[in-house]
Structures are given as structure tokens and as C-alpha cells.
Amino acid sequence: MKLSVPRCSAVAAAFALAGLLASGAPTASAAPAAPVSALAAPDIPLANVKAHLNRLQTIATENGGNRAHGRAGYKASVDYVKAQLDAAGFTTAVQQFSYNGTTGYNLIADWPGGDVNRTVMAGAHLDSVSSGAGINDNGSGSAAVLEAALAVSRAQLQPAKHLRFGWWGAEELGLVGSKHYVNSLPSTERSKLSGYLNFDMIGSPNPGYFVYDDDPVIEQTFKDYFAGRGVPTEIETEGDGRSDHASFKNVGIPVGGLFTGASRTKTSAQAQKWGGTAGQAFDRCYHSSCDSLSNINDTALDRNSDAIAHALWTLSAGTTEPPGELYENTTDVAIPDAGAAVTSTVSVTGRTGNAPAALKVGVDIKHTWRGDVVVDLVAPDGTAYRLKNSSGSDSADNVITTYTVDASSEAANGDWKLRVQDVARYDTGYIDSWKLTF
């Protein structure tokens with residue numbers, strides 16, 4: 001429960017006054033934060049994902065405590081996932097490779113149908129380190145991708161694009177399996193991959209919500225999904241280049257993905273917005289024997305599993321439009337408590353004509369009482385478009401959403417400003433970032 005400070009009558013008056021400010025300004029409507037495909041993705045049952053994790057834990061327990069490359073536990077993991085997919089109607093193939101004198105395995109699964117010249121692929125590494133069962137790293141990604149694939153089968157999905165799934169071996173030894181897969185693809189086959197989505201550690205016990213920033217379409221698909229559910233995200237940096245997406249990215253294939261953190265320490269600011277424990281690693285059991293069933297945050301695993309399904313349904317539908325050209329300002333701007341309005345500027349150049357009739361204004365404002373906040377978009381000619389009024393009854397945190405503005409009467413080029421004012425006392429905040437999508 002959030003402890004709030006009682007408000008006085010003067011504050012109420014300030015809210016009333018704020019409602020009159022710029023009353024002549026045109027208004028904007030809040031756009032749905034998470035676009036959906038023609039057929040909405042299903043909720044992925046957490047219990048099903050946890051059942052896969054239970055099986056991977058049992059496999060490790062029965063095979064020397066791990067599922068590492070070259071060990072019996074890894075091959076048993078491949079056999080388990082393959083059996084699930086075969087029964088669900090996928091076309092599966094086991095690809096062998098050698099590393100350190102031992103045989104490794106990748107598992108590839110194709111869902112029948114869809115344009116194979118436009119293939120969307122999702123994957124995760126299935127191996128653990130030798131010191132433990134690897135339930136978060138990376139049973140979590142493997143189990144979630146498996147359950148998303150099974151959801152495709154249950155729905156008998158018929159996407160416009162072809163769907164493919166992969167589980168990689170020997171990732172922990174240097175992305176060996178995924179490199180082997182990508183290197184074995186002729187250039188004509190690589191060109192058919194319109195995107196690869198990677199999921200490595202998505203149930204960390206002290207989780208963050210990190211999104212890869214490699215491909216703008218894939219990135220925006222995930223960011224919009226989480227924003228629509230009130231979950232703030234950050235750009236993923238800890239694992240950049242250290243997981244299997246790098247194998248695809250290095251040959252020019254668009255990539256994206258999700259991550260909940262490994263050995264880095266959660267900051268106080270991150271604990272404030274995500275919960276958990278500041279000063280502690282996102283995963284204290286990273287690459288350790290304690291990476292077992294008890295090393296999973298169910299909420300993070302559930303949210304990320306649902307996000308995987310959303311991305312698969314959306315990106316394979318054939319209707320996904322590029323997000324348009326983005327103009328963004330990520331410099332923090334402090335918002336004075338009950339003070340003057342502040343602005344953040346985005347400069348637009350090189351465009352012709354006017355702004356669109358459906359100009360997207362994405363805002364990320366961190367604030368401890370968002371009801372205090374009044375938000376306007378100010379066009380280059382000074383015209384103000386009201387995005388958000390103040391509200392004495394809205395005590396939630398943060399303003400993280402996308403608004404749609406009819407800006408067709410405005411010249412596209414020039415300095416656009418996000419203007420934010422805190423109209424009542426006792427709460428603090430800042431503009432984290434904002435962007436325009438033309």
C-alpha cells in the first residue's frame with residue numbers, strides 16, 4: 001500500500017486552476033499502448049511453463065545435477081522438448097555439431113504454413129553450465145519459448161509469415177550452437193529470416209525488465225506490450241553480444257529479445273520502479289549450483305512468457321507496420337514540485353510537408369503522484385496540444401503511454417516540445433524520455 005500525504009484545500013484549488021490552463025488547446029487521445037494483431041495472442045499459462053521447468057530440474061537431478069554441453073542431461077533436455085513439439089504437429093530437426101571433442105545438438109522446429117520467405121524465429125539456449133541445473137539460465141527462456149510454440153499449435157495459428165523455433169546447444173561455451181546454425185545457412189536462407197527473437201534468463205529472482213534495442217520494430221513491439229500493462233522497461237545492456245542473438249545479428253539478421261538480469265546489481269531507482277531488493281544482483285545464483293526451481297520469480301516469468309506470445313502473434317501476422325521514423329529525447333529533465341512548467345525538445349528536420357494526422361507521442365514520465373502532472377505537446381509554431389490534465393483522484397505513479405495527436409495542420413520540421421508541469425505539492429518526478437513517431 002502506498003502511503004500518501006494528505007492534501008489541503010489550497011492543493012485542490014491548484015488542481016482546479018490547472019484544469020483551466022491552456023483550456024483552448026486542442027486535445028489528444030491516448031492510444032492503446034499495445035498494438036494487437038488481427039488475432040490476439042493467448043495468455044500463456046504460467047503453470048505450463050513451470051511444468052517444463054520442473055521437468056528440466058528433474059532431468060538435471062537424474063543426470064549429475066546439470067544439463068551442460070556434452071553431458072547426458074543436455075541430450076535428455078533436447079529429447080524432452082522435441083517430444084513435446086512432435087506431439088503438437090511441428091516439423092522438428094536435430095542438428096549435430098562438435099565442440100571440445102563432444103557432440104552437441106541444436107533443435108529446430110517449424111510450424112507448417114506461412115510465407116517461408118518471411119520467417120519469424122524465436123529461440124533460447126537449452127544448455128546449463130556444469131555447476132547447476134540452469135533453471136533461470138536458461139531453463140526459463142527455453143520453457144517459455146516451448147510453451148509459446150505449443151500455444152501456436154493449440155490455436156492452430158495460420159500466420160502470414162512462417163514461424164520457426166530454435167533451442168541452442170553450448171551457448172555457455174561461446175554461442176557455439178547458434179553460430180553453427182547460422183553459419184550452416186546459405187545466404188539465401190539467411191535472407192528469409194525477417195527477425196530472430198532471443199530469450200535468455202527471463203525469470204530472474206530479483207528481476208528487471210530489459211528489452212533489446214537492436215531492431216526498432218521488434219523493440220517497439222515489446223516496449224508497447226509492457227507499457228500497455230504499466231510495466232516500465234529499460235534497454236538491455238548486460239548481455240549485449242553475450243547471448244545467441246549475437247550470432248544472428250553478426251550476419252545482418254534483425255534481432256530482439258527480453259532479459260531480466262544476471263550478475264549486475266539492481267539500483268535503488270530500479271528497485272523503486274520494479275520492486276525487489278536494491279544492492280543485490282538480479283540473479284544471485286547466476287552460473288551457480290543454486291540456480292534451481294527456487295531461483296525463479298513467477299511474476300517476471302509469467303509477464304515475459306505472455307510478451308513472447310504477443311510478439312510472435314504480432315510480428316508473424318504480416319500486418320505489422322514499421323513504427324515510422326522516430327525522433328527521441330532521452331535526456332532527463334527534473335520537474336519542480338508545484339513549480340513552473342519544464343520542457344524537453346525534439347528537433348525534426350529533413351521532412352517535407354506537414355506532420356501526420358495521427359502523430360504518435362510516446363512519453364515516459366517518472367512521478368510519485370501522476371495526478372499532479374499536466375502534459376502538453378507544443379508544436380514548432382507554439383500551438384499547444386493537451387495530452388493530459390491533472391486529477392486529484394489519480395494517485396498512481398508515472399505516466400508511461402502513447403498519445404495520438406492530429407497535427408496535420410502543423411509543419412513537420414522544427415522544434416517540438418514536451419511541456420510538463422507539476423501543479424501540486426509533496427511529490428517529485430522527471431521526464432525520463434519522450435519521442436515522436438512520424
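Look up a bit, the structure's there.
Since the structure is predicted, the reported quantities are computational estimates derived from the model, not experimental observations.

In the contact formed by helix α4 (residues 135–155) and helix α10 (residues 298–315), the axes pass within 9 Å of each other and the chain directions differ by 45°. With respect to each other, α4 and α10 are oriented oblique. The handedness of the crossing between α4 and α10 is right-handed. Residues Ser140, Ala144, Val145, Ala148, Ala151, Val152 and Ala155 of α4 form the contact with α10, whose participating residues are Leu301, Ser305, Ile308, Leu312 and Trp313. Among the residues making up the contact of α4 with α10, the classes are represented as 10 nonpolar, 2 polar and no charged.

On to the state of the cysteines. In this structure the tally under the stated criterion is 1 disulfide. Through a disulfide, cysteine 285 is tied to cysteine 290; the S-S separation comes to 2.1 Å. Across the S-S bond linking cysteine 285 and cysteine 290, the dihedral sits near -115°, which makes this disulfide left-handed.

Before going further, it helps to examine the packing of aromatic side chains. Scanning the model with the defined rule gives 17 aromatic pairs in all. Ring geometry for phenylalanine 90 versus phenylalanine 165: centroids 5.8 Å apart, planes at 80°, classification edge-to-face. Residue phenylalanine 90 is located in the loop between α3 (72–87) and β2 (91–99), and its partner phenylalanine 165 is located in strand β5 (residues 161–168); the two are separated by 75 residues in the primary sequence. With respect to class, phenylalanine 90 is no different from phenylalanine 165; both count as buried. Ring centres 6.1 Å apart and planes at 45° place the aromatic pair phenylalanine 210 and phenylalanine 259 in the tilted group.

Looking now at the pattern of salt bridges. Applying the stated criterion to the full structure yields 16 salt bridges. Of the charged contacts in the structure, one is a salt bridge between aspartate 79 and lysine 75, with a shortest N-O distance of 2.9 Å. In this pair, aspartate 79 and lysine 75 are both assigned in helix α3, 4 residues apart and thus about one turn of the helix distant. The exposure class assigned to aspartate 79 is partly exposed, which follows from its relative accessible area of 39%. With its nearest N and O atoms 2.6 Å apart, the salt bridge here joins aspartate 376 to arginine 386.

Strand-to-strand pairing in sheets goes through backbone hydrogen bonds, with the strands running parallel or antiparallel. Spatially, the 8 strands line up as an open sheet ordered β2-β3-β5-β4-β6-β9-β7-β8, and their pairing is mixed. The outermost strands of the open sheet, each flanked by one partner alone, are β2 and β8 (234–235). Where strand β7 (residues 210–211) meets β8, 2 bridges bridge the pair, whose relative direction is parallel. Within β8, the residue paired with phenylalanine 210 across the bridge is glutamate 234. Here α3 sits on the sheet and contacts β2, β3 (102–111) and β5; the angle it forms with β3, its principal contact strand, is near 15°. Lying on the sheet, α4 is in contact with β3, β4 (115–125), β5 and β6 (193–199); it crosses β4 at an angle near 145°.

The subject of this paragraph is helix α7 (residues 216–227). Compared with an ideal rise of 1.5 Å per residue, which puts 12 residues at 16 Å, α7 spans 16 Å between its outermost C-alpha atoms and is within 8% of the ideal. Across the 12 residues of α7, 10 count as buried, placing the element largely inside the fold. If you check which residues of α7 are buried, you get Ile218, Glu219, Gln220, Thr221, Phe222, Lys223, Asp224, Tyr225, Phe226 and Ala227. Near the N-terminus of α7, the side chain that reaches the backbone nitrogen of valine 217, with its oxygen 3.2 Å away, is that of aspartate 215.

On to the pairing of strand β14 (residues 373–378). Most of β14 sits out of view: 6 of its 6 residues are buried. Residue alternation in β14 divides its side chains into two sets, Val373, Val375 and Leu377 and Val374, Asp376 and Val378, and both sets are buried. The pairing of β14 with strand β17 (residues 414–422) spans 6 bridges and is antiparallel. Considered in β17, the bridge of valine 378 is made with lysine 417. Linking β14 to strand β15 (residues 384–388), which pair antiparallel, is a turn of 5 residues; within it glycine 382 sits at a positive phi near 95°.

Let us now look at the nonpolar core. Counting residues in hydrophobic clusters, the biggest one holds 65 residues, and the most contacted among them are Leu85, Phe165, Trp167, Leu197, Phe199, Phe222 and Leu312. Among the elements that make up this core, the one with the highest residue count is α4 (10 residues). Apart from the residues lying within four places of it in its own chain, the contact partners of tryptophan 167 are Tyr74, Val81, Leu85, Tyr105, Asn106, Leu107, Ala109, Ala124, Leu126, Ser142, Val145 and Leu146. Judged by nonpolar contacts, the second largest core, of 29 residues, contains Ile365, Val405, Ala412 and Ile431.

Criteria and cut-off values
Residues numbered from 1 in each chain as written. Predicted model: local features only at pLDDT ≥ 70, side-chain atom pairs only at ≥ 80, totals over all residues. Heavy atoms only, no water. Axes fitted to C-alpha atoms, helices over the stretch in contact; angles between N-to-C directions. Helix = DSSP H or I, 4+ residues; strand = E, 2+ residues; numbered from the N terminus. Parallel < 35°, antiparallel > 145°, perpendicular 65-115°, else oblique. Left-handed = near helix turned anticlockwise from the far one by under 90°. Contact = heavy atoms within 4.5 Å. Nonpolar A, V, L, I, M, F, W, Y, C, P; charged D, E, K, R; others polar. Disulfide = S-S within 2.5 Å. Phe/Tyr/Trp six-rings, centres within 6.5 Å; stacked < 30°, edge-to-face > 60°. Buried < 20%, exposed > 50% of the residue type's maximum accessible area, 1.4 Å probe, protein only. Salt bridge = Lys/Arg side-chain N within 4 Å of Asp/Glu carboxyl O. Pairing = 2+ DSSP bridges. Expected span 1.5 Å × (residues − 1). Polar contact = N/O pair within 3.5 Å; in protein donor to acceptor, adjacent residues only side chain to side chain. Core = buried A, V, L, I, M, F, W, Y, C linked by side-chain atoms within 4.5 Å.

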